[in-house]
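Structure at a glance
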Amino acid sequence: MRKKRRGSSVDKGESVSTATKVKKSCRTGRQSKEVAPEETNESIFTIFLREAGVTLKQSGTANEIAVDQVVFQKRIQQQLQNSPRYPGIVQEFITGLESHIEDSERFRNCLLPCVPPLSDGESRCVTSFQETLLRMLLGIEMLQTLIINTLLEKVPEFMFDSTGDGGLNIPLVIINQLKWLDRIVDSKELADKLMQLVSVVPVEVQRDIITSLPEILDDSQHNDVAKELNSILQENTQLTVPILDALSSLNLSSSLLTEVRESIMSTLAAVQLEDLPVVVKFILHSISASDAYEVVCNLRKKLELEQCILPPVLQASQSRTKSKGAIARSTAAAGSSQDSVTLVMDGIKSAVRFQKSISEAWLKAVESVDEAEDHKVMDLLVLFILHLTNSNQSRRGAERVLKAKVRTGLIQEALLQKIFRDYAQVMRGYFPSVLALAQSLLRSPDPCVVPFGGHMYKHSFTAFDSYCQQEVVGCLVTHVCSGVGGEVDMALELLCGLVTEKPSEMALYAVFVKGILDYMDNLTPQQIRRLFHLLSKLAFGQHQQGSNIQDDLHIVIRKQLSSTVPKYRRIGIIGAVMVVGSMGACRPKPEGSQNALLSQETHRQVTGLLELLQSCSESSPEAAALYYDELANLILSSTLDPQVQEWIGKTVLDDFQDDFVVDLGPEMKGSFPFPVHVMFSLDEEESQGGIAINLLPLLANDMQNKGEQRSQTDKANKRVSPLCLSPFFRLLRLCEERQHQGDLEEIDALLGCPLVLTDMDVVEKLESLSKVEREFLCTLLFHTINWFREVINAFCRQKETEMKMKVITRLQNITYLQSLLERALAGTPGYVPPLANFDGESTEGVVPTHTAALNKAKKDGTGKKRKAPGKNSSENSSQLEEGTEVEETQQEQPEKEKEKEVRQGISLVSYRPSFRELDMEVLSVLQCGLLSRSLLDSELHTKVREEVLLGPAELVFLLEDMLRKLEFSLTAAPAKRAPFLKGRADKSMGFSHLQQRSPKDIASWCVQLLPALCSHLENCHNHFQTILSENNGIVDGPATDIQEHQLMSSNYQLLLQVLNTTFSWSGFSQPGQRSLLKRALGVLAGRLKEGGAELTLEQLVKHSFEYLLNFRSTMPSLSTALCLSQLLSTVSEKGGNHVAYREQTVSLARQFLSQSWVTASGEKERGNKFNEALQTLLSIYLEHVDDVLKAVEEITGKGIPELLNASKDENSASWPTLNRQTFLVFYKGMMAELDKAVRNIPAGRSSDSTKAQSEKLLTWNLAVRDFHILVNLVKVFDTRPVLNVCLKYGRLFLESFLKLGMPLLDYSFKKHKEDVQSLLKTFQLSTRQLHHLCGHSKILQDTSLTNHVPALKKSLELFLYRVKAMLTLNNCQEAFWMGNLKNRNLKGEEILSQQSHGSEEEEEEEVEEELPQLPEEQSEDEQSDGEGRKENREEAEDQDEITEDSD
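Worth saying up front: this structure is predicted, and the values here are computed from it rather than measured.

For the protein, the helix and strand inventory stands at 57 helices and 11 strands. Looking at the protein as a whole, 53% of its 1447 residues are labelled buried. Taking all contacts inside the protein whose residues are at least 6 apart in sequence as the whole, residues at least 24 apart take part in 76%. Total accessible area on the protein is roughly 65,600 Å²; 49% of this is exposed by carbon and sulfur atoms.

Written out as C-alpha cells, the structure reads:
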C-alpha cells in the first residue's frame, strides 16, 4: 500500500478564479478530481525540488526552474544520497511525486517544459528551452526505474483520451518523456513493460508506443523487440505502418531481418492500400545485394496494382447507382488510391536510385518474364522509374529491355493503353521518362518498335494536361524536321491522327505544327502531302479551330506556286491540292436540313484556287502533269463536295477531248519525223467516225516548240504536251468513276481506240536513223507504253469478258512494245527518257549511261534475239528484269557475240522511273484464265471465235511488278539516317499510289490473289514435269524452246519469291493479323487437302509445307530451288514448332546441293548469281543440319578429295555443285558455319561432370580437326579470296577457342590428358600454317590480306600465354618451352627478308623434369609480332613454340 500523500494544495477560491483562465486537461467521460486542500506540512518531494531550484506551480502555470538542468539533477541526487534516511528516502520521494501528479492539472504541468523564473516587469516572450520536470528526474539513475513504472502506470488512465481539452495527447506525451534518455538503467525491463503496455492499450496508443520504440530502447533490446513486433504484425494488420516504421529504425541481425521480411511478404495481399507504400519501402530497404533479385521477383509477383484501382468503366457504372455524396466520396477514393500507387512507386524509385543492386534486380525481374499475359502494369511503371533515375546504366538498361519486350511482342499496346487509362495520375509523374523513351523508340532503326513509341506519344497527349500536350506536339514536330524517313512518317501519321481525334486540343498548337513548313526541303512528296493534309485540316476543317493559320498557309502556297524553281513549285502544287481537299470536302448534313452544300464564298475560293493552280502549271508540262496526278489522288482518296466534283469533272472531260483525241479521217497533214500510221486498234470497224489518240503529231509539235519561250507562243493556241496524256487520262477516269459509281461506259472507247503512231518496222532500220530520229522513236515508245499502262489501270476492274480480253491484249501490246524499246534504247546511247512520275526529287529524266546499260547487258547476258511476228503475240515480250533473270550470267560467249546481243536489246531496269505506276488492282488480271468471245458478221452470224490467254511474257510482267510492290510495302526497311552524301536514287519513285495504302491492305489483297498464284505455280510445275517426262529426265532436250524455258523459269521463280515475300511480312506476327495468316495458309493447305473441319494453325502450316514440298522435283535452276527452300523455311516458322521441319529442310537443301544444274542450252550454270544462290543454299543446309561439325567433315573429307582428284572442269561426285569455280563459296560457307558452331559450344566449368567434360572435349576435337583440314586447303587453293577467308575466320575461330575452349582444358587437363594432348597437337599444326600464311601475305604486299595479319598475330600470341597459364594452373609449368620459329611461305620455304635472332630452326627438346602426370609430349606454337619488343628472355620475335614434355 502506498502512503497517503501530503502534497501541497491550493485554496479553492483560487482554483475557481483561475479555472476560467486556463483550459483544463480533463479526460472525456471522467469527472476531474477536486483539488485537495493545502496541507500544513510539505512533502519531501516538494522540499527537495524547491531546494534544488524548481518551484512547482498550479493552475496551468508552468513549473519554474532557477538553475541549470544538470545542476538541478546533481542537487537532487546529492540530497537523496546525503539524507540519513537513504535509501528509504528514495521511495518517499517517489511517493511524493505520485501524490503530486495524482491531480491531472499538476501532472500536465510536469509533462510540459519548465520555464525560468521571471523578475518584475519581464516578459516571457523569448526563453531558452528547458526539459520537463519528469525528464529531468528520469535523468537521475537512482530514480529512473521507479519513475518509469509510475509513468507507465499512468498511461491506462488516459488511454481513451486521445486529446484532452488542452489539446494535449497525454499518452503520447508520457511516451515522449522516455525518448532519447542519456542512459537507461534497465533496458530489458523497460522493453518488457512497453510491450506489455502495447498489448492492453487501444490502437491509437499502440501506434504511438511502437513508433517511439527505436528512440527509447538501446541496441541490446532491438532484436527481442523486433521478434515481438513481428508476431504482433501477423495478428493485427492495423499496426502495419507503425511496426514497419519501427523495424526500419531498429538495428537488426540479417537473419532476423530476412525472417521479418518473409513474414511481411506472406501477408502482403491483406495489407490495406494506404499502408502499401510503407510495406514496399520496408521490403526494398531491407534487402541485401545477394538476395535482391529473389525478393524483387517475389514482390513483383505479389504486388497487384491492378486490384488497387477500379477502371473508369466500373467507376462510371457504380456512380450511376449512387447519390451525389456517394459519387463525391467514390471519386475521392479513386484519387486517393492513385495517390497510394504513386507513393508505392515513389518507394520503388527511392530504392532503385540509391541501391544499384535493387535497380539491377528490377531490370532482371522484368526481363525474365517470357509471356505477354504475365506482364503487369507495374512492369512498365518500373521501366519508367529506372529510366528516370540519374544512372546512365539504369537508363540504358530500361531502354534496352523495353525495346526487346516490344520487339518480341511481350509488352503490347493494350498494356500501355491500360496504364494510361487507369493510372494517368501516377504516369504524370513519369512524363519526362515517357517522352524520352517515346523519342528513342520512334528514332529506332528497328521498325518493330517504332509504332509503340507512337502509341506512347498518342496516349500521353490524350491523358495528360496542356503542358504535356504541348511537349508531345513539340517532340513530334522535331521528329518531322529530322528528315529521317521512318521517323518522319510515323510522326506525321501521329499528328494527323491527333488532328482527327482531338481537333480542338490540337488547334491550340497549330502554330507549332506550322513551323514544319520551314523544313520541307528534307521531306519526300508523300510526306509533304501528309503535312499539308494535316495543316489544311487544322485551318479549313469542319470547325476551323485553327483558322489563325489560314492566311499563313495561303501565303506559303502562293509563294511556292509562283516560284521558278521546279522543286518549290512542286511543293506548292501538292499543298494547294490538299487545301482544296479540305476546303471543298463534303460536309455532313446538319440536322433538319436537306443538304449541306458549300457556301458560295467557300465554293468561290475553291474554284479560284483550282484556276490559280491551272494557270501556274500551264507553263510547264511537268507541273501540269503533277497537278493532274495530285488532283486524281485527291479524288481517289477523299469525298469532295458535289459542286466541286462536278466543276472538276466537266473541265477535265472537255479539255481532254480537245487536247488529245482526234477523229479518224483522211490522212493527216504535216511534216513528221516518221510516216503516220494508226496502230493498236482493238475495235473491228475502223470507220471514218472512229477516234484515236493523237500521239505522234503532238510529240512532233512539242519537240519542235521545246526551245521556244512560253511568252513567244500564241497564247490563243494552248501548247499541249504528250507528257500530260497519261496523268490527264488518270484524272479523267477517276472523275468518271466517282460521278458514275465506278461505271466507265462514257469513256470505254478509249480502251480499244488506236493511237496515231508510225509503223513499228522502223525499229529494224534503227542503224539508218539519225540521233534525233532515234530519240524521237524512243520517246514515242515510252509515251505509248505509259498510255497503255494507264488504260490497264482504268479498265482492269471491269467485269465484262470483252473488257477483260481487251485489257489482256493491251498487256500483250506493252510486252511487245517493251521488246522494241529495249532494242531502240540499245542503239540510242545517252538518251534521256521522259518523266512519268512527277513528284520525285528530280524533274529531269533518268539518264542511264549507255556504258552502264552495256555493262549490265554484258553481265546479264540475256540473248534477246527476237522477231516480231505479231503485235499481240505474247512471245514478243520483254525479257526478264533485275533479280528475275534465269541464268543470264551463265552464258559464256565470245566478246563479239556479246556485243551483238547488246545491240539487240538492253535491260529496262534503270528506266523504271520513266514508266507510269500500275495500280494494285491490275494484279487481279492474274485471276483471268482463258477468255473467249464470238465475233459476229454483218448478218449476226457467228464468224469466228476469238480466244485470249495470259501468256508467259505477260505473267512475268505482272509478277515482276507485284514483287517490286511487295518488297517495297511488306519488307520492313530500317529507318536509317540519311547519309552525308545523299544519293540521287529515290527508292519510293514509282510507288506514289502504293504508299497511300497500308501494309495490311496490301497483305489482304495478296491473300485474295493466292488461289490464282497457286494455279500459276502448278502450271509451271506441270510444264517442267512434261518437259522432263518427254526428254527422259533431261532438262536440255533437243526440242526445248530456250526462250519459253527462260520465261517459264522466270515465272516459277517470281511466283515463289512473291509467296515468300508475302509470308515474310512481319505484320503476321501481330495478334490482330492471326486470322489473315490462317486464311493465307488455308489457301495453300486447301490445294492439297480440301474440306475438313476448321484446322489449327499448326495443322495449316503442316499441310502448306507438304503442298510446297511437292514442287521440289521440277526446279529449273538453282536460284529457283533457293527460292523454294526460303519459302518452306518461312512457312515452317509460322507454326509453333518449326524444329519439326528441320529434317525436311536439310534433306531438300542437300538434294539441291547434290544436283547438277544445267541451263536450257545444255551448259552448266555458273556466274555470280549462281554463286550467291549456292552460298545461301549452303548456309541453309549447314544452319539446319543437326551436327554442323559432321556435315563440314563430310564435305571436307569426301567432297574436297574428290574435287582434287578430278580434272579441271569436273565436279565432285558426291557434291556436284562443288567444282573449282564454286570452291570459294563452299570454303567461305564452311568456315563461317564452323565459327558459328564453336561459339555455341558451352564454356567449360569446374562444376561440369566428367561425362560433360568428355562430350565437350570430343566436340572441340572434331571442330579443331575440321579447322585443320580447312586451313591446310590454302596450300592447294591459294587464290587471294581463299586466303582472305582463311585469315578472317582463322582469327575468329582462335578467339572462340580462347574464350570457350581454354577454360575447358583448364578443368579437363588432369582427367583427360590424352584428349587434351591430341587436341593441342592438331591445333599446333593449324596455328603454324596460319603463321606461314601471315608471312606469305607480307610477301604478296596485298593490303586486303595484310589488314588481317596484326589482329591474327595478336590472337596467336594470346593463345600462347593462355596455354602457359593452363599448364601453370595444373602445376605443369616446368613442361613449358619456347623457341624461335622462322617465317615461311605457304610452300614451307624460308622467308629471308628478315634476320632472325635464332638462325637455326628450332627443334623440339625434352625438358629434363620428371612429370609423371604427362606421359606424352605436347607441343603448341604461336607467334608474337615482337620486332623491337623484349619483355622477357623467353619472348620470340616472330613465332613462339611451346612443348610440354614428360617421361
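On we go from here.
This paragraph deals with the confidence of the model for the protein. In the predicted model, the protein carries a mean pLDDT of 77, and 79% of its residues have values of at least 70. Note that residues 1–40 has pLDDT below 50 and, in this model, 54 contacts with residues that lie over four places away or in other chains. Ignoring residues within four places in sequence, the model shows residues 974–985, a span with pLDDT below 50, making 13 contacts including any to other chains.

Among the nonpolar cores identified, the biggest contains 416 residues, and Leu229, Met345 and Trp362 are the most heavily contacted of them. For this core, the leading source of residues is helix 54 (residues 1280–1308), giving 15 residues. If sequence neighbours within four positions are ignored, Trp362 has contacts with Leu284, Val296, Leu299, Arg300, Ile348, Val352, Met378, Val382 and Leu386.

Bringing helix 29 (residues 525–540) into the picture now. Each α-helix turn comprises 3.6 residues. Residues three or four places apart therefore point the same way. With 16 residues, helix 29 should cover 22 Å at 1.5 Å per step; its first-to-last C-alpha distance of 21 Å lies within 8% of that length. By the criterion of burial, helix 29 is predominantly enclosed, with 13 of the 16 residues buried.

With that out of the way, let us pick up unusual backbone geometry. For the peptide bond that leads from Tyr86 to Pro87, omega is 10°, which places it in the cis range. Phi angles above zero are rare outside glycine, and Trp180 is one such case at about 55°. Relative to the helices and strands, Trp180 is located in the loop between helix 8 (170–177) and helix 9 (187–200). Trp180 gets classed as exposed once you look at its relative accessible area, which sits at 59%. If you check the backbone angles, Phe680 has positive phi at about 60° while not being a glycine.

To continue, consider a negative patch on the surface. Residues Asp370, Glu371, Glu373 and Asp374 make up a contiguous surface patch of negative charge. Mapped onto the secondary structure, Asp370 falls in the loop between helix 18 (356–367) and helix 19 (377–388). Accessibility expressed as a relative area gives 55% for Asp370, which makes it exposed.

Here Lys376 shows up in the loop between helix 18 and helix 19. Within the local environment of Lys376, its side chain forms a polar contact with the backbone oxygen of Lys301, the two atoms lying 2.9 Å apart.

A few words now on helix 49 (residues 1142–1153). Along its 12 residues, helix 49 runs 16 Å from first to last C-alpha, staying within 8% of the 16 Å computed at 1.5 Å per residue. Considered for burial, the residues of helix 49 that qualify are Thr1145, Val1146, Leu1148, Ala1149, Phe1152 and Leu1153. The buried residues of helix 49 occupy one face: seen down the axis, they fall within an arc of 165°. Here the buried face of helix 49 lies against helix 47 (1097–1109), helix 48 (1118–1133) and helix 50 (1168–1184).

Turning to the pattern of salt bridges, a few remarks are in order. Counted according to the given criterion, the structure contains 41 salt bridges. In this structure, Lys154 engages Glu157 in a salt bridge whose closest nitrogen and oxygen atoms are separated by 3.5 Å. With Lys154 and Glu157 both in helix 7 (residues 141–158) and 3 residues apart, the pair spans about one turn of that helix. A residue is classified by how much of its surface remains accessible, and Glu157, at 35% relative accessible area, is partly exposed.

A word on the packing of aromatic side chains. The final tally for this structure, using the stated rule, is 38 aromatic pairs. Here Phe1297 and Phe1359 contribute two aromatic rings whose centre-to-centre distance is 5.6 Å and whose plane-to-plane angle is 70°, an arrangement assigned as edge-to-face. In this pair, Phe1297 is assigned in helix 54 and Phe1359 in helix 57 (residues 1349–1369), connecting sequence segments 62 residues apart. Taking the relative accessible area as the measure of exposure, Phe1297 reaches 0% and is therefore buried. By relative accessible area, which is 0% here, Phe1359 ends up buried. Through successive ring pairs, a cluster of aromatic residues spans Tyr627, Tyr628, Phe656, Phe660, Phe728, Phe729 and Trp787. Sitting over the ring of Tyr293, Lys364 keeps its end group 4.7 Å from the ring centre. Its end group placed over the ring of Trp1215, Arg1150 keeps NZ or CZ at 3.7 Å from the ring centre.

Conventions adopted
- Residues numbered from 1 in each chain as written.
- Predicted model: local features only at pLDDT ≥ 70, side-chain atom pairs only at ≥ 80, totals over all residues.
- Heavy atoms only, no water.
- Helix = DSSP H or I, 4+ residues; strand = E, 2+ residues; numbered from the N terminus.
- Buried < 20%, exposed > 50% of the residue type's maximum accessible area, 1.4 Å probe, protein only.
- Contact = heavy atoms within 4.5 Å.
- Areas by Shrake-Rupley, 256 points an atom, 1.4 Å probe, with all protein chains shown as cover.
- pLDDT = per-residue confidence, 0-100.
- Core = buried A, V, L, I, M, F, W, Y, C linked by side-chain atoms within 4.5 Å.
- Expected span 1.5 Å × (residues − 1).
- Patch = residues over 30% accessible without salt bridge, like charges linked within 9 Å, V, L, I, M, F, W, Y side chains within 5 Å.
- Salt bridge = Lys/Arg side-chain N within 4 Å of Asp/Glu carboxyl O.
- Lys, Arg positive; Asp, Glu negative; His and termini not counted.
- Charge placed at Lys NZ, Arg CZ, Asp CG, Glu CD.
- Polar contact = N/O pair within 3.5 Å; in protein donor to acceptor, adjacent residues only side chain to side chain.
- Arc of directions from axis to C-beta.
- Phe/Tyr/Trp six-rings, centres within 6.5 Å; stacked < 30°, edge-to-face > 60°.
- Lys NZ or Arg CZ within 6 Å of the ring centre and 35° of its normal.

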